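Secondary and tertiary structure notes
Next come the chains, spelled out residue by residue.
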Amino acid sequence: MKIATAQFTCVPADISANVQQMASLADEARVQGAELVVFPELALTGYELEVVLARRDLWVQADDPRLDGVRASGVASVINCVAPTDGERPAIETLVFGADGELITTYRKQHLFEHEQGVFQAGRCDGRFELGGLRFALATCFDNHFSELVSRGVADGCQVHLASSLYGTGGGVEELATVYPGIAKNFDLYVVMANHVGPAGEWTGCGRSALWAPGGALLARADADTPMVVTAEVG
């Protein structure tokens, strides 16, 4: 199957505007023959931590009608967002929808990065789903720095590792270029990573969203500056 990774510049704290961008990118992914598209970390709101903590209207659940534009794209989608929990703090959650718009699974980021720890509640369960005869593992940004999380996916029969992320310019470029092909090489997995491009909270996303083959070979990569979709054959 073909899988797409999509990068764009989020409109801060504007779910409707971001869904509109995501729907357009999902349509482009479908035109390119992709059956699944992966979006960056906190794609619905942008990486606006103080704002999302203060505004519960930016917390979404899977049945939120504001997501209809992406759900109706005809492509399965991996959407990262802010979601309510049973506590005072929200979670960084991944929602996976099928091509028919129905929810397949959810996953909450387990390894919160530094300042995220004062805003979000960490997840406790791994994320898995099956589509098109392949088994997928889910991870969000800093999760990917923990080999035990990736190892559990391999042990559970996963062939593809999907990562919604935010890496900035400067040191983030080297970090991105090390972590993800390293997962592909060391764990013999396909790896798909979606990153921000342009302003993202206090960061500037460095783009370079990409897909790697087992062994670490690069399959496709976006540029450093442009909202875009890239696709590759996986499996």
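Up top you'll find the structure we're talking about.
Parameters and conventions
- Residues numbered from 1 in each chain as written.
- Predicted model: local features only at pLDDT ≥ 70, side-chain atom pairs only at ≥ 80, totals over all residues.
- Heavy atoms only, no water.
- Helix = DSSP H or I, 4+ residues; strand = E, 2+ residues; numbered from the N terminus.
- Rg over C-alpha atoms; globule rule 2.2 N^0.38 Å.
- Buried < 20%, exposed > 50% of the residue type's maximum accessible area, 1.4 Å probe, protein only.
- Contact = heavy atoms within 4.5 Å.
- Areas by Shrake-Rupley, 256 points an atom, 1.4 Å probe, with all protein chains shown as cover.
- Lys, Arg positive; Asp, Glu negative; His and termini not counted.
- Charge placed at Lys NZ, Arg CZ, Asp CG, Glu CD.
- Pairing = 2+ DSSP bridges.
- Axes fitted to C-alpha atoms, helices over the stretch in contact; angles between N-to-C directions.
- Expected span 1.5 Å × (residues − 1).
- Salt bridge = Lys/Arg side-chain N within 4 Å of Asp/Glu carboxyl O.
- Core = buried A, V, L, I, M, F, W, Y, C linked by side-chain atoms within 4.5 Å.

1. Re the overall build of the chain
Scanning the chain from N- to C-terminus turns up 5 helices and 14 strands. The C-alpha atoms of the chain give 16 Å as radius of gyration, which agrees with the globular expectation for 235 residues (18 Å, within 12%). Seen through its principal axes, the chain has C-alpha atoms that stretch 45 × 35 × 35 Å. Looking at the chain residue by residue over its 235 residues, the buried ones come to 56%. Intrachain contacts of the chain at a sequence separation of at least 6 include 64% that bridge at least 24 residues. For the chain, the accessible area works out to roughly 9,300 Å², and carbon and sulfur atoms hold 48% of it. Averaging the coordinates of the 16 positive side-chain charges in the chain and doing the same for the 30 negative ones gives two points 2 Å apart.

2. Regarding unusual backbone geometry
Backbone geometry places cysteine 141, a non-glycine residue, at a positive phi of 45 degrees. Within the element layout of this structure, cysteine 141 appears in the loop between β7 (134-140) and α4 (147-155). Of note in the backbone geometry, aspartate 188 takes a positive phi value of approximately 55 degrees without being a glycine.

3. Some details on the sheet that holds strand β3 (residues 76-83)
Spatial ordering of the open sheet is given by β5-β4-β3-β2-β1-β14, a layout of 6 strands whose pairing is mixed. The strands lining the two open edges of the sheet, one partner per strand, are β5 (103-108) and β14 (228-233). Going across the sheet, the axis of each strand differs from the next one's by a mean of 25 degrees, ignoring polarity. Relative to β5, strand β4 (residues 91-97) runs antiparallel, the two sharing 5 bridges.

4. With respect to helix α5 (residues 171-187)
Taking 1.5 Å of rise per residue, 17 residues should cover 24 Å, and α5 covers 24 Å from first to last C-alpha, within 8% of that figure. For α5, the full list of buried residues reads Gly172, Leu176, Val179, Tyr180, Pro181, Gly182, Ile183 and Ala184. Buried residues along α5 sit against α4, β8 (160-164), β9 (190-194), β11 (203-206) and β12 (210-212). Positive backbone phi, at 55 degrees, marks aspartate 188, one or two positions downstream of α5.

5. With respect to the pattern of salt bridges
Charged atoms that come close allow side chains of opposite charge to pair. For the structure on display, the rule yields 13 salt bridges. Residues arginine 66 and aspartate 64 are paired through a salt bridge, measuring 2.8 Å at the closest nitrogen-oxygen approach. For arginine 66, a relative accessible area of 30% puts it in the partly exposed group. Note that arginine 128 is salt-bridged to aspartate 126, the shortest N-O span being 3.4 Å.

6. What about the sheet that holds β8?
Taken in spatial order, the 6 strands line up as β6-β7-β8-β9-β12-β13 in an open sheet, and their pairing is mixed. With partners counted over all chains shown, the strands left at the sheet margins are β6 (127-131) and β13 (218-221), one partner each. Across this sheet, the average inter-strand angle for adjacent strands is 20 degrees, counted without regard to direction. Alignment of β8 against β9, held across 5 bridges, turns out to be parallel. Residue pairing for β9: histidine 161 is matched across the bridge by valine 191. α5 rests against β8, β9 and β12 of the sheet, and its axis sits at about 150 degrees to β9.

7. Things to note about the pairing of β6
For a regular strand, side-chain orientation follows a simple rule: the groups alternate between the two sheet faces. With 5 bridges connecting them, β6 and β7 associate as antiparallel partners. Bridge assignment links arginine 128 to a residue of β7, and that residue is alanine 137. Counted along the chain from β6 to the antiparallel partner β7, the turn is 2 residues long, and its residue glycine 132 has a positive phi close to 60 degrees.

8. Here's the deal with the nonpolar core
Met22, Val37, Phe39, Leu44 and Phe120 are the most contacted members of the largest nonpolar core, which totals 39 residues. Among the secondary structure elements, those contributing two or more residues to this core are β1 (2-7), α1 (15-31), α2 (49-54), β3 and β4. Among the elements that line this core, the one with the most residues is α1, at 6 residues. With residues up to four places along the chain from it excluded, the contact list for phenylalanine 39 reads Ala6, Phe8, Met22, Leu25, Ala26, Val70, Ser77, Val78, Ile79, Ser164 and Ala194. Listed in part, the 26 residues of the second largest apolar core include Ile3, Phe136, Ala213 and Ala222.

On their own, these measurements won't tell you what the molecule is for.
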